[in-house]
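Summary of structural features
Each chain is listed here by its residues.
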Amino acid sequence: MTKAATTIMTAALLTAATSCVHEFPFNQGDVDSGTVVVEGYITNEYKRHTVRLSRLNSYSDTIINAIKGAFVVVTSGTNTYFYRETDDGLYESDEYFVGVADNVYYLHIELADSVVLSAESTMLPVTPPDKITFNRRPDGNLSISHIAESFVSDNPAKYHLQLSWEDRESHTPQSANIYYYSLTTVDIAQLFAPKLTETAFPPGTQIVERKYSVEPAYENYLRSLLAETRWSGGYFDEAHGNLQHRAFPP
């Protein structure tokens, strides 16, 4: 069973002498299918790094509109890393390389329709992660009680925990993914966000933790993303809007 970030939907029941039900019309609005979505990281892991290219979908369309046939290259100083398409819309560096803190990396993309995109980012150093602590549940399983502080004065970060274990009864492999974020801002929706469902796992579970440094522009994007998802539905919910992270020139 794979479990990622879970959103809990809550509803309030109001008691009154009479009640009525109104149909709520959902108006999605137009979607700019020409908008390019770029997903990719550079880390200090020695591996082939990837970039995924796609275009925006309508709300009801669950198929990824992959962008094929693009030219993708990353440069840093005198180093140039060419990316090749290994799957629809997924581009992988031809060679293994390690990201270096404080280096500036330039991303250059040329699409088949003669559109050219570019961006640059400085790789920030990562501070040591906090010690993970656990709770023991009545059924003998464990759950995570602390990964990191949700608010930090500096060095915002994204955490990804990969859990893997074997089911005691069926002896089949099980897995789960947990994402956690430390940000430099505190929002009222964050403080009163709905409680997440605990991920339960047996003692002896293997846990691999990765901590990613977060630059200011990406932190703002994460804050908007969390406001639309994990923090949504609490006591102090905010009006939802369009989520955008503009890494390319307009």
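What this report covers is the structure whose coordinates are included nearby. Here the structure is a predicted model, which means the values were calculated and not measured. (Residues numbered from 1 in each chain as written. Predicted model: local features only at pLDDT ≥ 70, side-chain atom pairs only at ≥ 80, totals over all residues. Heavy atoms only, no water.)

Quick look at the overall build of the protein now. Secondary structure assignment for the protein yields two helices and 13 strands. The buried share among the 250 residues of the protein stands at 28%. Excluding contacts between residues fewer than 6 apart, the proportion of contacts in the protein whose partners are at least 24 apart in sequence is 59%. Roughly 16,500 Å² of accessible area belongs to the protein as shown, and the carbon and sulfur atoms make up 52% of that amount. (Helix = DSSP H or I, 4+ residues; strand = E, 2+ residues; numbered from the N terminus. Buried < 20%, exposed > 50% of the residue type's maximum accessible area, 1.4 Å probe, protein only. Contact = heavy atoms within 4.5 Å. Areas by Shrake-Rupley, 256 points an atom, 1.4 Å probe, with all protein chains shown as cover.)

Attention now moves to the pattern of salt bridges. For the structure shown, the criterion picks out seven salt bridges. As a salt-bridge pair, Lys-47 and Glu-45 come within 3.5 Å of each other at their nearest N and O atoms. For Glu-45, a relative accessible area of 24% gives the class partly exposed. Between Asp-113 and Arg-55 there is a salt bridge whose closest N-O contact spans 3.3 Å. Here Asp-113 is found in the loop between strand E7 (104–110) and strand E8 (116–122), whereas its partner Arg-55 is found in strand E2 (residues 50–55), with 58 residues between them in sequence. On the basis of relative accessible area, Arg-55 is assigned to the partly exposed category, the value being 23%. Via salt bridges that share partners, Glu-45, Lys-47 and Arg-210 belong to a single interconnected network. (Salt bridge = Lys/Arg side-chain N within 4 Å of Asp/Glu carboxyl O.)

Quick look at the sheet that holds strand E11 (residues 157–166) now. Strand order in the open sheet formed by three strands is E12-E11-E13, with antiparallel pairing between adjacent strands. Whereas interior strands pair on both sides, the edge strands pair on one side only; in this sheet they are strand E12 (173–182) and strand E13 (206–213). When the angles between neighbouring strand axes are averaged without regard to direction, this sheet yields 15°. Of the pairings in the sheet, the one linking E11 to E13 comprises eight bridges and is antiparallel in character. Residue Leu-163 lies in a different strand from E13, and its bridge partner there is Ile-207. (Pairing = 2+ DSSP bridges. Axes fitted to C-alpha atoms, helices over the stretch in contact; angles between N-to-C directions.)

Turning our eyes to something else, we now look at the environment of Ser-232. Considering the arrangement of structural elements, one finds Ser-232 in the segment after helix H2 (216–228). Accessibility expressed as a relative area gives 14% for Ser-232, which makes it buried. Residues Ser-232 and Gln-190, spaced 42 residues apart in sequence, show a C-alpha to C-alpha distance of 8.6 Å.

Right, let's get into H2. Residues lying three or four places apart along an α-helix face the same way, a consequence of the helix completing one turn every 3.6 residues. Under the 1.5 Å per step criterion, the end-to-end length of H2 is 19 Å for 13 residues, consistent within 8% with the ideal 18 Å. Listing the buried residues of H2 in full gives Tyr-218, Glu-219, Leu-222 and Leu-226. Looking straight down H2, one finds its buried side chains confined to an arc of 100°; they lie on one side. Tucked into the core, H2 has its buried residues touching E11 and E12. (Expected span 1.5 Å × (residues − 1). Arc of directions from axis to C-beta.)

A separate point is the packing of aromatic side chains. Applying the stated criterion across every chain, the model contains seven aromatic pairs. Aromatic side chains Tyr-218 and Tyr-221 sit 5.8 Å apart centroid to centroid with 15° between the ring planes, which places their arrangement in the stacked category. Taken together, the residues span about one helical turn, with Tyr-218 and Tyr-221 both in helix H2 at a distance of three residues. With a relative accessible area of 19%, Tyr-218 lands in the buried category. A connected cluster of aromatic rings, assembled from ring pairs, spans Tyr-41, Tyr-212, Tyr-218 and Tyr-221. (Phe/Tyr/Trp six-rings, centres within 6.5 Å; stacked < 30°, edge-to-face > 60°.)

Another point: the pairing of E12. On a regular strand, one side chain projects to one face of the sheet and the next to the other, so that they alternate. Direction of pairing for E11 relative to E12: antiparallel, over a ladder of ten bridges. The residue of E12 that forms the bridge with Leu-161 is Ile-178.

Right, let's talk about the environment of Asp-113 for a bit. Judged by its relative accessible area of 44%, Asp-113 is partly exposed. Once the C-alpha coordinates of Asp-113 and Gly-69 are considered, the two residues, 44 residues apart in sequence, prove to be 9.9 Å apart.

We now examine the environment of Asn-65. Inspection of the secondary structure assignment puts Asn-65 in strand E3 (residues 65–66). Each C-alpha atom, one on Asn-65 and one on Arg-55, is 5.4 Å from the other, the two residues being ten residues apart in sequence.

This part covers the nonpolar core. Ranked by size, the top nonpolar core spans 17 residues in total, and within it Leu-53, Ala-70, Val-72, Tyr-83, Ile-109 and Leu-111 carry the most contacts. Among the elements of the structure, E2, strand E4 (71–76), strand E5 (79–87) and E7 are those that each provide at least two residues to this core. Here this core gets three residues from one element, more than from any other, and that element is E7. Residue contacts for Val-72: discarding those within four places in its chain leaves Leu-53, Tyr-81, Phe-82, Tyr-83, Tyr-91, Leu-107, His-108 and Ile-109. In this structure, Ile-144, Tyr-159, Leu-161 and Leu-163 belong to the second largest nonpolar core, which totals 13 residues. (Core = buried A, V, L, I, M, F, W, Y, C linked by side-chain atoms within 4.5 Å.)

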